[in-house]
Amino acid sequence: MRKHPNSLQNDAIRVRGARVHNLKGIDVDVPLGKLSVFCGVSGSGKSSLAFDTLYVEGQRRYVECFSPYVRQFLERLERPAADSIEPIPPALAVRQNSLGRSGKATVASVTEIYETLRLLYARVGRIICPGCGRRIARDTVESAAASVGDVAEGVRFQVAFPLRFESESGRARAEELALQEREGFSRAIVGNRTLPLSQAAAVELEQQPEAWIVVDRLVAGRTSEERLRESLETAFREGDGRTVLLVERGEGSPPAAGSEDFGQGATEPAIALVASIDDRSWHVHRLSERLVCVDCEREFLPPEPRLFSFNSPLGACPRCEGFGRVPAISWERLVPDPSKSLREGAIPAWTTPEFRHELDELLELAGDYGLPVDLPFAELGDEHRRLILEGVPERDFGGMVGFFRWLERHRYRREVRSVLKRWRAWQTCPTCEGGRLRPEALAVHLPGGPHIADFCRLTVEKAQALVRGLEERFTEHERAVSAMVLRELLARLDALDEVGLPYLTLDRRIGTLSGGEARRVKLAATLGCALSGALYVLDEPSAGLHPRDSRRVIEVIERLRDAGNTVVVVEHEDEFVLAADHIVEIGPGAGRSGGEVVFAGTPEALIADPQSLTGAYLSGRRRVEGRKVEGRNGRSSVGMLTLAGARGHNLKDITVEFPLGVLCVVTGVSGAGKSTLVEQTLYPAVCRALGRSSDGRPHALYDELTGAEALDDVVLCDPAPVGRTPRSSPVTYLKAFDEIRRVFAAAEDARLRGFDARQFSFNASGGGRCAKCKGSGAVEVDMQFRADIAIMCPECRGSRYRRDVLEVKYRGLSIAEVLDMTVAEAFTFFRTHAKLQKRLRFLKDVGLEYLPLGQPATTLSGGESQRLKLASFLAAGSAARTLFLIDEPT
């Protein structure tokens, strides 16, 4: 192992004896406050050093600063295998595919723009009644008294409160009026007359929904402020927070349509009704201490941050539960091939063994209801489809509606969730119209601006312009309480703009973004934190970027560094490598051939270092020879796949022709619409044309697809993770482990013990796996409030199997020793097994010959995962006329 002098002892993170994954006890110094790039061939150990060593230790140390009570709610991280790591700042990471695919996650929520918006709307939002369009605010004694102060001197007015009649009996209503008389009130306004309460109780009241109990009759300008306030307080108290002010019409009194402030907090013009009482005209102003529209009688909730959260039961739309979409039944999804009849399996969801009984029930009752089961589904009439959809309740057949209701009730089962994901369609929620929030939240608007859902429908660029102009619409008080929130909101919007995403709408779901867009959104979220003195670890920020955008992202990363942070970037692209202050190259090879420090120093020294592979390419001593345009082995297209009218997201009703039988590349700047065109439009369209499911992927709009008759199959290779558990490995993912287990089951020792292939599986509960670790090779020790520690299983010593299974040998090696082989070693070891060698060859062809067969998939780098997935598709033995759609294989 090549050692380097400790030239960065001061102001550097000093890592000593790092042994994580394939790292071979290396010593390395990472300068603090600088931009460092870790480079090297894929699988050399860059991510092991950057993420599994530096980031994990930074996170672990930070979490340990909290009390034991707080730590139980935080992520538990085990100590990385290293002798020492000193000093280490708190760490943040931006990994590939780290955003997740939550159905609720949006650009605004991931960047915390939405959290800032919730606070802004809670502080300065104004409730606008959706029914009548008037502003809703709480009235108080002070605001009502101020309104009366605007009435011209000498104008008569009355203070009253409404008495609502709850019962239908006129006698009971009379008793309520009599009760008010005993409380000390003397007059009531019933209909268009003012009567003493004793007489009002005798009036026929069946047609009157309410009466107004008069508290006081006053004259503007001639009434003391103390008397006015006492009358208003009494009216609000006795009227359960409701008051009625009656101002006599005439010169100096507010007009009926009122352009002056009166009621509803005295901050917005109120529409006053005109009533004729005792042959005089009065303006009627209803006031309320509650957030109630006095015209529509609709009550609203007070604005608070929770009200605007679609993750909170208080704020989420009750119908869609905050998703903005509701499940729907789509014949396009359920019937991929309408040319098939019901008997032929036009509805694939009902052809599986678990749900075949649904189709059998339909076929059984079809004759009684005239449903043609041998006619192509496309030719069925509306009545026939309605029968399939709604079923026949009297015959105990629920149809598609009943089928999906049953699935929803049993969605806790994994196989049911898989069926739902595959066959269920979605439509915009009709209640919130995609806004995700309850109506009371959508009634809150910014002054002269939109409600929060409409704000999130804006692009980043338009949202920036709106926020910059908000202060002009605010009152002095609103400016004071929102100044800090507006600065934070604008800073986070600017961060999205700086990384080149001004065109994204804030409500865009994260699951619909391309890989490059998703990584830049996470980078913008990190930039918006405005931290200093932290350690940022970034995983290939160039992935998914067009060269045009690289410089902009580098400038953002340099801003992080200039703010006093330490930035570590795992990267291959030369522009990023040359922009570094310090470079660490890990190598020299991949897997067991890597894990050493090949170089540490400046970019200039890297280029001059004769032992550096990266330096050789940067200096031009070695180069990648490009293929000439005419050198395509004479291949020409064998057909054309034409997609017409594609208009998903930013695609503008385009028509694209894809030649078949050749390598066709879809390129363009990040965010141009490549993923929308290929993954969300072309792939579902081809799946539908071939009569198969698109596995629940989004279906972007298009008009027509032609040329699909030249295809037999379609395969999509996207960057989704290949495994989520330590038991997932290259050999299991490639389906090569089945053959290895059969080889061991055929061994003489296995036949003598009565072992079959199942005994050599570490995934099967009834097989020969270790009962202690359940086939993972390690057990977790609960450290209470500290991070759990994964230690080697004491029973199997990391081999994953029982002792009697390990005694079975093939060519002198046990199953555990075979799993510890690299792909290249296994390829030679199984030289007499052509079928197994064929699968392993695909791993060699994509450059993964250094991987151990049993290496946990959770420890693979991003590049290794992509190549493993590609090898798996190639090894699957797809049909001859297969369309492969590959998302950024580099």
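So, here is what we can say about the structure in this document. This is a predicted model, so every value here is computed, not measured. (Residues numbered from 1 in each chain as written. Predicted model: local features only at pLDDT ≥ 70, side-chain atom pairs only at ≥ 80, totals over all residues. Heavy atoms only, no water.)

### A look at the overall build of the protein chain
Of regular secondary structure, the protein chain possesses 31 helices and 28 strands. Taking all 890 residues of the protein chain together, 49% fall into the buried category. (Helix = DSSP H or I, 4+ residues; strand = E, 2+ residues; numbered from the N terminus. Buried < 20%, exposed > 50% of the residue type's maximum accessible area, 1.4 Å probe, protein only.)

### Considering the sheet that holds strand β1 (residues 12-18)
The 3 strands are arranged β2-β1-β4 in an open sheet whose pairing can be described as antiparallel. At either end of the open sheet lies a strand with only one pairing partner, and these are β2 (26-31) and β4 (84-86). Sheet twist, expressed as the mean angle between neighbouring strand axes with direction ignored, is 10 degrees. Pairing of β1 with β4 involves 3 bridges; the strand directions are antiparallel. For Arg-14, the partnering residue across the bridge sits in β4 and is Glu-86. Its contacts with the sheet place helix α1 (residues 46-63) against β1, β2 and β4, and it is angled at close to 65 degrees to β4. (Pairing = 2+ DSSP bridges. Axes fitted to C-alpha atoms, helices over the stretch in contact; angles between N-to-C directions. Contact = heavy atoms within 4.5 Å.)

### Describing the packing of helix α11 (residues 382-390) against helix α12 (residues 399-409)
One way to put it is that α11 packs onto α12 with a least axis distance of 2 Å and a crossing angle of 25 degrees. On the basis of the axis angle, α11 is roughly parallel to α12. Residues Ile-388, Leu-389 and Glu-390 of α11 form the contact with α12, whose participating residues are Gly-399, Met-400 and Val-401. For the contact of α11 with α12, the per-class residue count stands at 4 nonpolar, 1 polar and 1 charged. (Parallel < 35°, antiparallel > 145°, perpendicular 65-115°, else oblique. Nonpolar A, V, L, I, M, F, W, Y, C, P; charged D, E, K, R; others polar.)

### Some details on the pattern of salt bridges
Enumeration over the complete set of coordinates arrives at 40 salt bridges. One salt bridge connects Arg-492 with Glu-112, and the closest N-O pair in it is separated by 3.4 Å. Taken together, the positions of Arg-492 in helix α17 (residues 476-498) and Glu-112 in the loop between α3 (107-110) and α4 (113-124) put the pair 380 residues apart, joining distant regions of the chain. Overall, the relative accessible area of 38% leaves Glu-112 in the partly exposed class. (Salt bridge = Lys/Arg side-chain N within 4 Å of Asp/Glu carboxyl O.)

### Looking at the nonpolar core
One finds Leu-117, Leu-120, Phe-455, Leu-496 and Leu-506 to be the most contacted residues of the largest nonpolar core, which totals 79 residues. Take this core: its biggest share by element is 7 residues, from α17. Apart from residues lying up to four places away in sequence, Leu-506 is in contact with Thr-106, Val-107, Ala-108, Ile-113, Phe-455, Cys-456, Leu-458, Val-460, Ala-463, Leu-493 and Leu-496. Counting residues in each nonpolar core, the second largest holds 45 residues, with Val-722, Ala-736, Tyr-850 and Leu-853 among its members. (Core = buried A, V, L, I, M, F, W, Y, C linked by side-chain atoms within 4.5 Å.)

### Some words on the packing of aromatic side chains
Inspection of every chain in the model, using the stated rule, returns 17 aromatic pairs. Taken together, a centroid distance of 6.0 Å and an interplanar angle of 70 degrees make the contact between Trp-350 and Phe-397 edge-to-face. Taken together, the residues Trp-350 in the loop between α9 (331-334) and α10 (356-366) and Phe-397 in the loop between α11 and α12 connect sequence positions 47 residues apart. Grouping residues by exposure puts Trp-350 and Phe-397 together as buried. Put simply, the rings of Trp-350, Phe-355, Phe-397, Phe-403, Phe-404 and Trp-406 touch in pairs and so form one group of aromatic residues. Over the ring of Trp-426 we find Arg-325; its NZ or CZ atom is 4.8 Å from the centre of that ring. One cation-aromatic arrangement involves Arg-436 over Phe-310; the distance from NZ or CZ to the ring centre is 4.8 Å. (Phe/Tyr/Trp six-rings, centres within 6.5 Å; stacked < 30°, edge-to-face > 60°. Lys NZ or Arg CZ within 6 Å of the ring centre and 35° of its normal.)

### Notes on helix α19 (residues 547-562)
Taking 1.5 Å per residue, 16 residues should reach 22 Å; α19 reaches 23 Å between its end C-alpha atoms and fits that length. Among the residues making up α19, those that are buried are Asp-549, Ser-550, Val-553, Ile-554, Val-556, Ile-557, Glu-558, Leu-560 and Arg-561. For α19, the elements touching its buried residues are β3 (35-39), α17, α18 (515-528), β18 (535-539), β19 (566-570) and α20 (574-578). (Expected span 1.5 Å × (residues − 1).)

### Here's the deal with unusual backbone geometry
Of all residues except glycine, most have a negative phi; of all peptide bonds, most are trans. Residues Glu-86 and Pro-87 are joined by a peptide bond in cis, for which omega reads -25 degrees. Tracing the backbone shows Pro-87 in the loop between β4 and β5 (91-94). Cis peptide bonds are those with omega within 30 degrees of zero, and the linkage from Gly-587 to Pro-588 qualifies with 0 degrees. Mapped onto the elements, Pro-588 comes out in the loop between β20 (582-587) and β21 (596-601). At His-649, a position not held by glycine, the phi torsion is positive, near 50 degrees. Mapping His-649 onto the fold places it in the loop between β22 (639-646) and β23 (654-660). Positioned with a positive phi, Asp-653 is a non-glycine residue whose angle comes to about 55 degrees.

### Side note on the sheet that holds β21
Strand order in this open sheet of 6 strands is β5-β18-β19-β3-β20-β21, and the pairing throughout is mixed. Of all the strands in the sheet, the pair left with one neighbour each is β5 and β21. Within the sheet, the average angular offset between the axes of one strand and its neighbour, ignoring direction, is 15 degrees. The pairing of β5 with β18 spans 4 bridges and is parallel. Of the residues in β18, the one forming a bridge with Val-94 is Leu-538. Together, β5 and β18 form the strand contacts of α18, whose direction differs from that of β5 by roughly 160 degrees. Contacting β3, β18 and β19, α19 runs over the sheet at an angle of about 145 degrees to β19.

### Observations regarding the pairing of strand β8 (residues 156-164)
Of all 9 residues in β8, 7 are buried, a share of seventy percent or more. Relative to strand β12 (residues 242-248), β8 runs antiparallel, the two sharing 4 bridges. Its bridge partner being in β12, Gln-158 is matched across the sheet by Leu-246.

### Remarks on a nonpolar patch on the surface
Together, Leu-613, Tyr-617 and Val-624 make up an exposed nonpolar region whose accessible area comes to about 290 Å². Given the relative accessible area of 31%, Leu-613 is considered partly exposed. (Patch = residues over 30% accessible without salt bridge, like charges linked within 9 Å, V, L, I, M, F, W, Y side chains within 5 Å. Areas by Shrake-Rupley, 256 points an atom, 1.4 Å probe, with all protein chains shown as cover.)

### What about the environment of Asp-609?
With respect to the helices and strands, Asp-609 occurs in the loop between α21 (603-608) and α22 (613-619). For Asp-609, a relative accessible area of 10% puts it in the buried group. As for Asp-609 and Phe-599, which are separated by 10 residues in sequence, their C-alpha atoms are 8.0 Å apart. A polar atom in the side chain of Asp-609 sits 2.8 Å from the backbone nitrogen of Gln-611. (Polar contact = N/O pair within 3.5 Å; in protein donor to acceptor, adjacent residues only side chain to side chain.)

### Overview of the environment of Val-214
Position of Val-214 among the secondary structure elements: in strand β11 (residues 210-219). For Val-214 and Ala-160, which are 54 residues apart along the polypeptide, the C-alpha to C-alpha distance reads 4.3 Å. Ignoring anything within four residues of it in the chain, the contact list for Val-214 reads Gln-158, Val-159, Ala-160, Phe-185, Arg-187 and Ile-189.

Geometric values such as these leave the question of function open.
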